[in-house]
Each structure stands twice: as structure tokens, then as C-alpha cells.
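Structural features, examined
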Amino acid sequence: KWLVMVLVLIACGSKPQEDGKPQTGSSAGSGTPAAPLRVGVTLHPYFSWTASAAAGTDIEVVAVLPGEVDAGNYQPSPDDIAKLAKLDAIVGNGIGHDDFIRDMIKASGNTRIVVIEANADTPLLPSAHGDGKNSHTFISFTNAIQQTRLIAAKLGTLRPAHAAKLKANASAYADKLRAIQAGAAKSLAGAKIKRVVTVHDGYGYLLQEFGIDIAAVVEPAHGLVPSAAELRDVVDLL
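Thresholds, definitions, all that
Residues numbered from 1 in each chain as written. Predicted model: local features only at pLDDT ≥ 70, side-chain atom pairs only at ≥ 80, totals over all residues. Heavy atoms only, no water. Helix = DSSP H or I, 4+ residues; strand = E, 2+ residues; numbered from the N terminus. Buried < 20%, exposed > 50% of the residue type's maximum accessible area, 1.4 Å probe, protein only. Arc of directions from axis to C-beta. Contact = heavy atoms within 4.5 Å. pLDDT = per-residue confidence, 0-100. Pairing = 2+ DSSP bridges. Right-handed = clockwise from strand over helix to strand, strands pointing away. Phe/Tyr/Trp six-rings, centres within 6.5 Å; stacked < 30°, edge-to-face > 60°.

1. Some remarks on the environment of D233
Here D233 shows up in helix α8 (residues 228-237). Distance in space between the C-alpha atoms of D233 and V218 is 9.5 Å, their sequence separation being 15 residues.

2. A closer look at helix α3 (residues 78-85)
Listing the buried residues of α3 in full gives D80, K83 and L84. Taken end-on, α3 shows its buried residues confined to a sector of 100°, consistent with a single buried face. Exposed side chains of α3 directed beyond 90 degrees from the buried face belong to P78 and D79. Tucked inside the fold, the buried residues of α3 contact β3 (59-63), β4 (89-92) and α4 (100-108).

3. Quick look at the confidence of the model for the protein
Summarising the model, the protein shows a mean pLDDT of 87, and 86% of its residues fall at 70 or more. Within the model, the stretch residues 1-30 combines pLDDT values under 50 with 58 contacts to residues more than four positions away or in other chains.

4. Focus on the pairing of strand β2 (residues 37-41)
The buried fraction of β2 amounts to four of the five residues, a majority that puts the element mostly inside the structure. Across five bridges, the pairing between β2 and β3 is parallel. Paired with L37 across the strands is I59, a residue of β3. Each parallel crossover has a hand, and the one from β2 via helix α2 (residues 44-54) to β3 is right-handed. Pairing of β2 with β4 involves three bridges; the strand directions are parallel. The residue of β4 that forms the bridge with G40 is I90.

5. Brief notes about the packing of aromatic side chains
We describe a pair of aromatic rings using the distance from one ring centre to the other and the angle between the two ring planes. The full count for this structure, using the stated rule, is four aromatic pairs. Taking the centre distance of 5.5 Å and the plane angle of 55° together, the rings of Y46 and W49 count as tilted. Taken together, the positions of Y46 and W49, both in helix α2 and three residues apart, correspond to about one turn of that helix. For the pair formed by Y46 and W49, the shared burial category is buried.

Laid out in C-alpha cells, this is it:
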């Protein structure tokens, strides 16, 4: 139940507009520049975090990917690239989960866009297979809080008049996540099983917060079918 709650809050708490139109914050007052700051996001969780931090400001949050599309099998469309041409900044993963955005920015011709990497200060786990890093940092209470604060701080440098509001919004969002995290920790405090096998490599950051060890991951990479030998090893482990 707690896992469902966090995925709903983090991934769907502020739902991207299905038609690609931005979410618009309210005017910040007479000292605010006439043109709103347009900030794009790559992955859906970043929409929730950025929109939560930007609430009540003139910052517009734009979902680059359509709401029904998963980053793992995403193919850029001309309309999606056109969105980038109108952005002032974009929030991205930066460690492999949305590498497609680099070529999209280049294709858009937008040379003034500010790239905000959500994982710039995030301690990273290794991937279950291979030598890379686990890019699923967004499935985590701790990372969601830290990255929301980072996004708010970066936006504050672009909109100094809203810096205090952005920081306060990020703190309020963090309080919501901590409340859910505390409830989950209480539920798991007496868990007899602390070692699990997962199908996907995405849960490492979340499970480590509750002292649960991932003994093995079935998929060698996102969307790839494990070999007979790999399945045999997992069966033996189980």
C-alpha cells in the first residue's frame, strides 16, 4: 500500500497536461517580468517536483514527453522538439534515463536553454548489471526531497524574486513526502523478510531507505528478457 502511495504522489501528484500545454502559476506581483519563465521537464516525476516548487509563481512547467509515453521506449516527435524551442530551462535526469533530450535540444535550435540536472548532487547506486549507474533515482523519498530542493534553488537563480517562495514550496512538499515515508517505515519496522528479488532495477533507491536488500534483479536491462542461464541463477537464489 505504501509503495502505491509514493508512486502515485511522486509520478502523478501534478499530472502533465495531455495536450502538452504548460501549467501556469499565478502572477507574483508588479515586480515580476511580463514574460513567464517556461521550464520543461523530461521524466514525469520531475513535472510533479517542479510544479510543486513553482506553485504560486509565474513559472510555467511544460511536459516535453506526452503523458502516456514511457521514457524507455520514447521516440521524439516534431511537436515535442518544437516545445523545446520555446523553453527557458529544462529539468532532466542527466545520468542515462533521458539521453534523447540532448539531440532534441540541438535539433530545436534553442541555444539559450538552461539545463538543470536533477541528479547533480545525488549519491548514485550501481546498476544491477554492468558497470553503469542506476538512473532510477526518482523512485525514492530521499531523492525526491533532495532533487525538489535542488530544482527550486536552480529556478531561484533564474527568478530571484521568487527564490523565497520556491524554497518554501520545496520545504512544504518535502514535509508531505516525509509523512508518507514515516508511515512506510513504521509498517516495515517489524518485517521478517529483509531480502528480496525484483524484476526491474528501479527500486534500489527506495528499498535501501527501509533497510531492504535486493538480492537479485531479473531483467538484465530495461525491457530485456533474461537468458536461460540468468533465469536459472535467479531460480537457484530463490
